[in-house]
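# Geometric and topological summary
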Amino acid sequence: MRHGKKGNHLGRKTAHRNAMLANMACSLIEHKRINTTVAKAKALKQFVEPMITKSKEDTTHNRRIVYSRIRQKEAVAELFRDVAPKVGDRPGGYTRIIKLGNRLGDNADMAMIELVDFNEIYNADKQPKRKSTRRGRSKKSDAPATPAAPAVADKASNEEE
């Protein structure tokens, strides 16, 4: 049975896999989108999204946690300085995986993984949504104000003419 075997090992030993994911995360933070295989993109998504969540709150503790996984000072600085303010209101789902087809040579499934808020093509036509709550409105706020006072004023001005 496969209990507790969630992550993909990607055919690599633990140290190699962690180093590869850290380098891919640095490239994703720097370039905002990278091309890779579908399996590596899915593994990278699980690796990088918790770090983006940690970067939303800029504390020394969170910086040290992220630095312990990425190990590149410039990437950590860019994550906290540039990426975090842009994704600050998003409740998760910071990356998007787009399948590209098969690679020539070995026919591997390829994909592009990108940071969602940094794609101007998809985000150009969408207006920012208002935050909605799950509470209902009261009946008083739904009803528009009655225009009785201006109508009375209009009748009085017509009688004067």
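For the structure itself, consult the block above.
Residues numbered from 1 in each chain as written. Predicted model: local features only at pLDDT ≥ 70, side-chain atom pairs only at ≥ 80, totals over all residues. Heavy atoms only, no water.

## Points about the overall build of the protein chain
Here is the rule we go by: Segments assigned H or I by DSSP are reported as helices when at least four residues long, segments assigned E as strands when at least two residues long, and all are numbered from the N terminus. The classification of residues rests on relative accessible area computed with a 1.4 Å probe and restricted to protein chains. Under 20% of the type maximum is buried, over 50% is exposed, and intermediate values are partly exposed. Throughout, a residue-residue contact means that at least one pair of heavy atoms, one from each residue, lies within 4.5 Å.
Scanning the protein chain from N- to C-terminus turns up seven helices and three strands. Each helix and strand of the protein chain, placed in order from N terminus to C terminus, yields the pattern α-β-α-α-α-β-β-α-α-α. Buried positions account for 30% of the 161 residues belonging to the protein chain. Of all intrachain contacts in the protein chain linking residues separated by at least 6 positions in sequence, the fraction that spans at least 24 positions is 56%.

## Let's talk about the pairing of strand E2 (residues 95-102)
We apply this condition: Strands were regarded as paired on the criterion that DSSP finds at least two bridges between them.
In the sheet, E2 pairs with strand E3 (residues 109-115) via seven bridges, with the strands oriented antiparallel. Counted as the bridge partner of Lys 99 is Ala 111 from E3. With antiparallel pairing between neighbouring strands as the criterion, E2 and E3 make up a hairpin whose turn holds six residues, including Gly 105 at a positive phi of roughly 105 degrees.

## Some words on the pairing of E3
Across the seven residues of E3, six count as buried, placing the element largely inside the fold. With five bridges joining them, strand E1 (residues 33-37) and E3 adopt antiparallel strand pairing. By the bridge assignment for E3, Ile 34 is matched with Ile 113.

## Some words on the packing of helix H3 (residues 60-70) against helix H4 (residues 73-86)
Defined as follows: The axes used here are C-alpha line fits, helices contributing only the stretch in contact, and every angle between their N-to-C directions lies in the interval 0 to 180 degrees. Each angle gets one of four labels, with under 35 degrees taken as roughly parallel, over 145 as roughly antiparallel, 65 to 115 as roughly perpendicular, and the rest as oblique. Left-handed describes a crossing in which the near helix is turned anticlockwise from the far one by less than a right angle; the clockwise case is right-handed. The nonpolar class holds Ala, Val, Leu, Ile, Met, Phe, Trp, Tyr, Cys and Pro. Asp, Glu, Lys and Arg form the charged class, and all remaining residues, Gly among them, are polar.
Across the interface, H3 lies against H4 with an axial gap of 9 Å and an inter-helix angle of 135 degrees. With respect to H4, the element H3 is oriented oblique. Of the two possible hands of crossing, H3 and H4 adopt the one that is right-handed. Seen from H3, the contacting residues are Asn 62, Arg 63, Val 66, Tyr 67 and Ile 70; seen from H4, they are Lys 73, Ala 75, Val 76, Ala 77, Leu 79 and Phe 80. Of the residues contributing to the contact of H3 with H4, the split by class is eight nonpolar, one polar and two charged.

## Regarding the sheet that holds E2
Ordered in space as E1-E3-E2, the three strands form an open sheet in which the pairing is antiparallel. Strands at the two margins of the open sheet, each flanked by one partner only, are E1 and E2. Strand-to-strand, the axes of this sheet are offset by a mean angle of 25 degrees, without reference to chain direction. Running over the sheet, helix H1 (residues 14-31) touches E1, E2 and E3 and is turned about 145 degrees from E1.

## Focus on the pattern of salt bridges
Quick note on the threshold: Each salt bridge in this description consists of a side-chain nitrogen of Lys or Arg and a carboxyl oxygen of Asp or Glu lying within 4 Å of one another.
This model, assessed by the stated rule, comprises seven salt bridges. When the shortest N-O distance is used, the salt bridge between Lys 32 and Glu 78 registers 2.7 Å. Placement of the pair is Lys 32 in the loop between H1 and E1 and Glu 78 in helix H4, with a sequence separation of 46 residues. Judged by its relative accessible area of 16%, Lys 32 is buried. The class for Glu 78 is buried, based on a relative accessible area of 17%. The shortest N-O distance in the salt bridge between Arg 90 and Asp 117 comes to 2.8 Å. Taken together, the residues span a long stretch of sequence, with Arg 90 in the loop between H4 and E2 and Asp 117 in the loop between E3 and helix H5 (120-123) at a distance of 27 residues. Classification of Arg 90 as partly exposed rests on a relative accessible area of 25%. Its relative accessible area of 16% is what places Asp 117 among the buried residues. Through salt bridges with shared partners, a single ionic network connects Arg 33, Arg 96 and Glu 114.

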